[in-house]
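Structural description and commentary
Listed below, chain by chain, are the residues.
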Amino acid sequence: MESAKGHFDKGTVYLAQGQYREAIKEYDQAVKLDPNFVKPWSNMGYAFFKLHEYEKAIYCFQKALSIDSELADTWNNLGATHYELGDNKKAYECFQNAVRINPDHALTWYNMGLLYISSHNPIQALECYRKAISLKPKLAEH
């Protein structure tokens, strides 16, 4: 008997190996079996993001957030997707949601720094980078 969790677990292995198409197939099976299983939606969005299929990524992230709106990682990933599409306003809103949920989400602070740099606001960018590095010093290596 197939289970949503089994497909999710297989998808997660594929995702970790960078086999994004295979991951998407497994996550798609998981959400067909359980449409309210939030993790496959979020991870499928990330796989689409890695494939530069941003509209599909946005759809998946929004599905995940419609199930659980308190997912800092998903808000961050949705923000990064909007940033890649050049929609800095939506990216900023998503990043703000991520740090509202988890003020210690270092990657979101780092991504906000990128956003501020692209918006020609180096002072704000520096503040965000400092916050990110204080939370996760390895980010300084980027």
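Everything below is about the structure shown above.
What you are looking at is a predicted structure, and each value in this text was computed from that prediction instead of being measured.

1. With respect to the pattern of salt bridges
In the structure shown here, the tally under the stated rule is six salt bridges. For D9, the salt bridge is made with K5, and the minimal N-O distance between the two is 2.9 Å. Of this pair, D9 and K5 both sit in helix α1 (residues 4–16), separated by four residues, roughly a single helical turn. For D9, a relative accessible area of 34% puts it in the partly exposed group. Look at K5 and you get partly exposed, because its relative accessible area is 48%. Residues R21 and E53 are paired through a salt bridge, measuring 2.3 Å at the closest nitrogen-oxygen approach. Highlighted residues: R21 in helix α2 (residues 20–33) and E53 in the loop between α3 (38–50) and α4 (54–67), separated in sequence by 32 residues. Assessed through its relative accessible area of 42%, R21 is described here as partly exposed. Owing to a relative accessible area of 18%, E53 belongs among the buried residues under this scheme. Here the residues in one salt-bridge network are R21, E53 and K56, joined through shared partners.

Reading the values: the criteria
Residues numbered from 1 in each chain as written. Predicted model: local features only at pLDDT ≥ 70, side-chain atom pairs only at ≥ 80, totals over all residues. Heavy atoms only, no water. Salt bridge = Lys/Arg side-chain N within 4 Å of Asp/Glu carboxyl O. Helix = DSSP H or I, 4+ residues; strand = E, 2+ residues; numbered from the N terminus. Buried < 20%, exposed > 50% of the residue type's maximum accessible area, 1.4 Å probe, protein only.

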